[in-house]
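What follows is each chain in one-letter form.
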Amino acid sequence: MVTRIEIAHRPQHADPRGEALARQARTFLDIPLKQARVVDVYHVEADLGPGEARRILAEFVNPVLAEGALGRWDGSPFDVAVTVGFKPGVTDSVGKSARVAIEDTLGRSLGSDAAVFTSQVWRLVGVSREQAERLGRELLANPLIQRMRVETAEEWRSTPTDLEVPRVRTHGVPPVETVDLALDDAALVELSRGRLLALSVDEMRAIALEFERAGNDPERSAAGLGPAPTDVELECLAQTWSEHCKHKIFNASIVYREGADEPQMIRSLFGTHIRGTTERIERAIVEREGRSWLVSVFHDNAGVVAFDDRRHLVFKVETHNSPSALDPYGGAMTGIVGVNRDPFGTGLGSDLLVNVWGYCFASPFHDRELPRGLLHPRRIRDGVHAGVIDGGNQSGIPYGRGWELFDERFVGKPLVFCGTVGALPVTVAGRPGEAKAARPGDRIVMTGGRIGADGIHGATFSSAALDESAPVQAVQIGDPITQKRMFDFLLEARDLGLYEAITDNGAGGLSSSVGEMAQGPGGACLDLSLAPLKYEGLAPWEILVSEAQERMTLAVAPGKIEAFLGLARRREVEATVLGEFTERPTLEVRWGSRTVALLPMSFLHGGAPELRLEAQWAPRSFDEPSARDRDVAPAEALTALVGRLNLASGVSKARRYDHEVKGLTAVKPWIGVNRDVAADATVFLAGHDSLAGFVLSEGVNPYFSDLDTHAMAGAAVDLAVRRQLCGGARIDRIAILDNFCWPDPVATKDNPDGPYKLAQLVRACRGLDEAAVAYGTPLISGKDSMKNDSTLGGIRISVPPTLLVSAIGKIDDVRRAVTLEPRATGDRIYCLGLTRAETGGSEYFRYLGDRSGRRAPLGAPAPFVGSAVPRLLTAETVPLYSALAQAVAAGLVRSATALALGGWAVAAAKMAIAGGIGVDLDLDSAAGIDALGVDEALFSESLGRILVTVSPGDATRFERLFDGLACVEAGALDGTGRLRLRRGASIWAECAIESLANAHTGTLRDV
């Protein structure tokens, strides 16, 4: 029996969700929607006794704002109804939470066969059926994961309600298949494509050869297995060998060619320029300080650095690009709750402190026709924000950094970065907090959420371009409340010493977590028939590789298993023993008494053939704006720049994220008199028992990649480090993370410029390496995403090569933190660093391109890119930054901001807007300015530059620290309420701060 419960705002009260839809319909779709109201529907599939349904209704309805009904609520008139609900098999996290609430209300279980599903009915006034269908397609429902029905009011009232229940009704277990690999190359490729294995023909051949060799293995024969793999074995290998998990491109052997120079052989970009870089930096740290402050890097879920005698800091940033392209809300939510599990599963488990996020989108104002199958950028942006907001806020974790960048090349795939900082105890139950290891005999325990069809093929799907074959089941939807309960239980178990090792069920699910943990003891035996499922009917291979969320895998010693399971029961968290770790060097997967997979660990983790690739670099040229294109007044250009998408205030979205929960925030993400200017860096306490804290910042600029990714990578590191110093971090305690998001760099018939993209990757790795070594900032963690292309609608769109560098630094006393807010009139302004004619890839050139009316083809760079990309010269910046760090430590710096997009002009404008105070900036004597034109002087994006204010009484001491360096006094703060940019007596631009502030906040205010 299905009981339908409907709840809606009372007609006399406003409906915020309905008002938002009406505003979007009118603004973005030009549909004159007069009114929209939402009815939340709960379908309770259970046997309810007399009066129980009314008790549930009374519990769910807010009597002040809402009213409800058993059956259909008909409290307001409408013209058309759009009903939206999840398809069968898609996680309904609200339904899960509602079931818990119902059982708590009734004081009893609903039974194992019961379920609660949710849907929404959008009641629309003033639109036709056709307009409602468009609203549903473009704003309300994602056809990949949701069902939608559009009806007139009369049709809606006569439609049977049980059609809206998406219960999965499958019974029994599909048989385990044997997959014949005695095929030619073409058939092997087709098999890989058809099963979404994302394996190359060489990899398919290697698997076929391995099983051919194992055909007469007595151990295999005794297990009832033959010379062909089961589907369980094939899917397990595909997940383990996927680009997402194996990082094959970063570990490939690459022949790099550049012009007429001799070819260079690179054996593993990761080993050479990531891990190798950190090893060189760590040796330098030990030589200088006597010991390393790196605790754990590159062998756990996240990087770990020393902080104080009680805790280490843990940091990880991940990407969730492909899932967010399919389902922005669900994909992004799993991005944030998934990356939460990485620090949580590092060492013996860390307490989560802060989330960070960053997004690359196409313009929300995109007005061109999209290839069929792509969602509008506006919808992707709204969904991504909502997913990370809900995932983070419901988990009780504040956000510490957030940013957005916009480029039309992200219309095919958005880039969605999510990260988390945690605190790992130095010791846990008498052991080092970072040390963990499964041992033979330890029980394999899965805890948290149940396994479903969501997330199947997630790892392999993320290892391929987005096209029409994108699978429904690859999409996951997180349930942060379930995960929070699991975290609380596991922290209690951690402190009691009830487990030996922990990791998360991320990409590849049990296949990945058990397969990786088993390398320590030797192997594992796993029984999938014991796994708790969301519903019946999943095949064994689906259970093994499902990435359904909110799950962790643990190794629990036999003598502690009863205590662990008992604690789980008391905390109402599901925990199930699925097998044990063994000395036998084999991953054995069973279904009850039947063996369904028997994989040698050596082949599982070491059998993939090495990838050998060719890289070819040749510089490319782009258009420069002409003198006529540049004929714009500097004041007009500056006002336009501060309001452009890449520089405009995104505070209207950001304020929906919680940055105060836990009470650790010292410098907030948004600062200034109106709290609407993004901080260069944010500062947090690591705990309430100390004033020591950590500083978060980042650097990212994909636009420089059009000219040279080597310069792009150096710029990203430089900006992240400058922002750290502008926040007050110690210069000797900054660590960085790398996140590479690249278009496919492997040459194929459909990707002929793969060698050029690979050369871009090589150059970026070298730029990252050089900058990290120069600044002494070790790379402690990272992630690469190598298939950021879309081929939907017959159009290939690739993202610009993008490297995000995230930085975490230590500050000894958060009260000494610095921000960009100027403090008082009369304070002196100093320009640090050298300005050059480096406007290539600049925001100023993109502005001129837009102003000219020229539009680049979809997927192409901006009309004006230029040629002179900013280059990092560490011989200049290293001594300059050292002096700045000393000035900050001495308390001589009142405010500071690192120059980025828009150069001196935009940095001065942001400072003026934040302080609401007049800024008179004279660039006449600033280093390098005398050789430049006005627009180059104002808008060049040369690296290594910082705008600083200093109290007049501290000016002499400040200047003494910078003797012989590029540091000049260049003006003062005043009470005029205006920004003046000049060269001596010649005023280049003068703007009212109020006008700049309005431009800065207006663009994204209601978007």
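As for the overall build of the protein
Secondary structure summary: the protein contains 30 helices and 41 strands in total. Taken over the C-alpha trace, the protein has a radius of gyration of 29 Å; the compact-globule value for 1007 residues is 30 Å, and the two agree within 12%. Counting across all 1007 residues of the protein, residues that qualify as buried make up 62%. The contacts in the protein between residues at least 6 apart in sequence include a share of 82% that link residues at least 24 apart. Surface summary for the protein: the accessible area is close to 35,600 Å², and the carbon and sulfur share equals 50%. Between the centroid of the 109 positive side chains of the protein and the centroid of its 131 negative side chains there is a distance of 3 Å.

Section: unusual backbone geometry
At phenylalanine 298, a residue that is not glycine, the phi angle is positive and equals roughly 70 degrees. Residue position: phenylalanine 298 is located in the loop between strand 9 (294-296) and strand 10 (303-306). The exposure class of phenylalanine 298 is partly exposed, given its relative accessible area of 27%. One non-glycine residue, alanine 429, lies in positive phi territory at about 50 degrees.

A word on the pairing of strand 38 (residues 946-950)
In terms of burial, strand 38 is largely enclosed, as five of its five residues are buried. Here strand 38 shows a buried face lined by Ile946, Val948 and Val950 and a second buried face lined by Leu947 and Thr949. Both strand 35 (residues 828-832) and strand 38 contribute to a ladder of five bridges, which runs antiparallel. Its bridge partner lying in strand 38, tyrosine 830 is registered against valine 948. Where strand 36 (residues 895-898) and strand 38 come together, four bridges link them in antiparallel fashion.

Notes on the nonpolar core
Membership of the largest hydrophobic core comes to 165 residues, with the highest contact counts inside it found for Leu638, Phe740 and Phe958. Setting aside chain neighbours within four positions, we find phenylalanine 740 in contact with Phe250, Ile274, Leu761, Ala764, Cys765, Leu768, Lys783, Asp784, Ser785, Met786, Thr802 and Leu803. Membership of the second largest hydrophobic core comes to 52 residues, among which are Ala238, Leu510, Val596 and Ala597.

Some words on the pairing of strand 40 (residues 978-983)
Strand direction decides the pairing type here: strand 37 (residues 918-922) and strand 40, joined by four bridges, are parallel. Bridge pairing in strand 40 places aspartate 920 opposite arginine 980. The turn joining strand 40 and strand 41 (residues 986-992), which pair antiparallel and follow one another in sequence, is formed by two residues; a positive phi near 60 degrees is taken by glycine 984.

With respect to empty space enclosed by the protein
Across all of its chains, the model carries six cavities of 30 Å³ or more by this definition. Only strand 13 (399-406), helix 22 (651-654), strand 29 (693-699), helix 23 (709-727), strand 36 and helix 27 (903-915) provide two or more residues apiece to the lining of the largest cavity. With six residues, strand 13 is the largest single contributor of residues to the lining of the largest cavity. Considering only residue class, the lining of the largest cavity consists of 25 nonpolar, 11 polar and 10 charged. There is about 100 Å³ of room inside the second largest cavity. Forming the walls of the second largest cavity are 14 residues, and the residues nearest its centre are Val356, Arg401, Trp403, Glu698 and Ser806. Across the lining of the second largest cavity, the residue classes tally to nine nonpolar, three polar and two charged.

Remarks on the packing of helix 23 against helix 24 (residues 754-775)
Remark: helix 23 packs on helix 24, axes separated minimally by 7 Å, with the N-to-C direction vectors making an angle of 35 degrees. In this structure, helix 23 crosses over helix 24, and the sense of that crossing is right-handed. Each of Thr709, His710, Met712, Ala713, Gly714, Val717, Asp718 and Val721 in helix 23 lies in contact with helix 24, whose residues at this interface are Gln760, Arg763, Ala764, Arg766, Gly767, Leu768, Glu770, Ala771, Ala772 and Tyr775. When grouped by side-chain class, the residues that make up the contact of helix 23 with helix 24 number nine nonpolar, five polar and four charged.

Things to note about the side chain of lysine 757
Locating lysine 757 in the fold gives a position in helix 24. On the basis of relative accessibility, which here comes to 6%, the residue lysine 757 falls in the buried class. Discounting residues that sit within four places of it in the chain, lysine 757 has contacts with Trp742, Pro743, Asp744, Pro745, Asn751, Asp789, Arg796 and Ser798.

A closer look at the sheet that holds strand 29
The strand order 25-28-29-34-30-31 describes an open sheet built from six strands, whose pairing is mixed. Strands at the two margins of the open sheet, each flanked by one partner only, are strand 25 (665-667) and strand 31 (779-785). Each strand axis lies, on average, 20 degrees off the axis of its neighbour in the sheet, ignoring direction. As paired elements, strand 30 (residues 734-741) and strand 31 share six bridges and run parallel to each other. If you follow cysteine 741 over to strand 31, its bridge partner there is serine 785.

A closer look at the pattern of salt bridges
Opposite charge on two side chains lets them pair, provided their charged atoms get close. Using the criterion set out here, one finds 82 salt bridges in the structure. The residue glutamate 233 makes a salt bridge to arginine 220 at a minimum N-O spacing of 2.8 Å. One end of the pair, glutamate 233, is in helix 9 (residues 231-240); the other, arginine 220, is in helix 8 (residues 218-222), and 13 residues separate them in sequence. Using a relative accessible area of 3% as the deciding quantity, one classes arginine 220 as buried. With a shortest N-O distance of 2.3 Å, arginine 257 and glutamate 614 are connected by a salt bridge. Taken together, the residues span a long stretch of sequence, with arginine 257 in strand 7 (residues 253-258) and glutamate 614 in strand 24 (residues 612-617) at a distance of 357 residues.

Focus: the sheet that holds strand 40
Across the sheet, seven strands lie side by side as 36-38-35-39-37-40-41; this open sheet has mixed pairing. In this open sheet, the two strands that pair with only one neighbour each are strand 36 and strand 41. Adjacent strand axes in the sheet meet at a mean angle of 20 degrees when their direction is disregarded. By the bridge criterion, four bridges tie strand 35 to strand 39 (residues 967-974) in an arrangement that is antiparallel.

Details of the packing of helix 21 (residues 634-642) against helix 25 (residues 843-852)
Across the interface, helix 21 lies against helix 25 with an axial gap of 11 Å and an inter-helix angle of 100 degrees. Relative to helix 25, helix 21 is oriented roughly perpendicular. Along its contact with helix 21, which presents Glu636, Ala637, Ala640 and Leu641, the element helix 25 presents Glu843, Tyr844, Tyr847 and Arg851. The residue makeup of the contact of helix 21 with helix 25, split by class, is five nonpolar, no polar and three charged.

Re the packing of aromatic side chains
Per the stated rule, a full pass over the model turns up 23 aromatic pairs. Their ring planes at 15 degrees and their centres at 4.8 Å tell us that tryptophan 357 and tyrosine 359 sit as a pair that is stacked. Given a relative accessible area of 5%, tryptophan 357 falls into the buried group. Consider the rings of phenylalanine 740 and tryptophan 742, whose centres lie 5.8 Å apart with planes at 55 degrees: the pair is tilted. Both residues of the pair, phenylalanine 740 and tryptophan 742, belong to the buried class. Its end group placed over the ring of tryptophan 156, arginine 123 keeps NZ or CZ at 5.4 Å from the ring centre. The ring of tyrosine 703 carries the charged tip of arginine 846 above its face, separated from the ring centre by 3.5 Å.

Examining helix 19 (residues 561-570)
Along helix 19, the residues that are buried comprise Ile561, Phe564, Leu565, Gly566, Leu567 and Ala568. Close packing links the buried residues of helix 19 with strand 17 (443-448), helix 16 (480-495), strand 20 (551-556) and strand 21 (575-582).

Considering helix 27
Taking 1.5 Å per residue, 13 residues should reach 18 Å; helix 27 reaches 19 Å between its end C-alpha atoms and fits that length. Most of helix 27 is tucked away, with 12 of its 13 residues classed as buried. Downstream of helix 27 by a residue or two, glycine 916 has a phi angle that is positive, lying close to 60 degrees.

Quick word on the confidence of the model for the protein
Model confidence for the protein is summarised by a mean pLDDT of 93, while 97% of its residues fall at 70 or above. A low-confidence stretch, residues 459-470 (pLDDT under 50), is modelled with 52 contacts involving residues beyond four sequence positions or located in other chains.

Some words on the environment of phenylalanine 417
Within the fold, phenylalanine 417 resides in strand 14 (residues 415-425). According to the relative accessible area criterion, phenylalanine 417 is buried, its value standing at 1%. Linking phenylalanine 417 and valine 317, residues 100 residues apart in sequence, is a C-alpha distance of 6.7 Å.

Concerning the side chain of asparagine 321
If you trace the backbone, asparagine 321 turns up in helix 12 (residues 321-326). Judged by relative accessible area, asparagine 321 falls into the buried class, the value being 3%. From its side chain, asparagine 321 meets the backbone nitrogen of valine 416 in a polar contact 2.8 Å long. Setting aside anything within four residues of it in sequence, one finds asparagine 321 in contact with Pro414, Leu415, Val416, Cys741, Ser785 and Asn788.

Calculation criteria
Residues numbered from 1 in each chain as written. Predicted model: local features only at pLDDT ≥ 70, side-chain atom pairs only at ≥ 80, totals over all residues. Heavy atoms only, no water. Helix = DSSP H or I, 4+ residues; strand = E, 2+ residues; numbered from the N terminus. Rg over C-alpha atoms; globule rule 2.2 N^0.38 Å. Buried < 20%, exposed > 50% of the residue type's maximum accessible area, 1.4 Å probe, protein only. Contact = heavy atoms within 4.5 Å. Areas by Shrake-Rupley, 256 points an atom, 1.4 Å probe, with all protein chains shown as cover. Lys, Arg positive; Asp, Glu negative; His and termini not counted. Charge placed at Lys NZ, Arg CZ, Asp CG, Glu CD. Pairing = 2+ DSSP bridges. Core = buried A, V, L, I, M, F, W, Y, C linked by side-chain atoms within 4.5 Å. 1 Å grid on protein atoms, 1.4 Å probe; cavity = no way out; pocket = protein on both sides within 12 Å on 5 of 7 lines; lining within 4 Å. Points joined across faces, edges and corners; volume = space filled by probe spheres on them. Nonpolar A, V, L, I, M, F, W, Y, C, P; charged D, E, K, R; others polar. Axes fitted to C-alpha atoms, helices over the stretch in contact; angles between N-to-C directions. Left-handed = near helix turned anticlockwise from the far one by under 90°. Salt bridge = Lys/Arg side-chain N within 4 Å of Asp/Glu carboxyl O. Parallel < 35°, antiparallel > 145°, perpendicular 65-115°, else oblique. Phe/Tyr/Trp six-rings, centres within 6.5 Å; stacked < 30°, edge-to-face > 60°. Lys NZ or Arg CZ within 6 Å of the ring centre and 35° of its normal. Expected span 1.5 Å × (residues − 1). pLDDT = per-residue confidence, 0-100. Polar contact = N/O pair within 3.5 Å; in protein donor to acceptor, adjacent residues only side chain to side chain.

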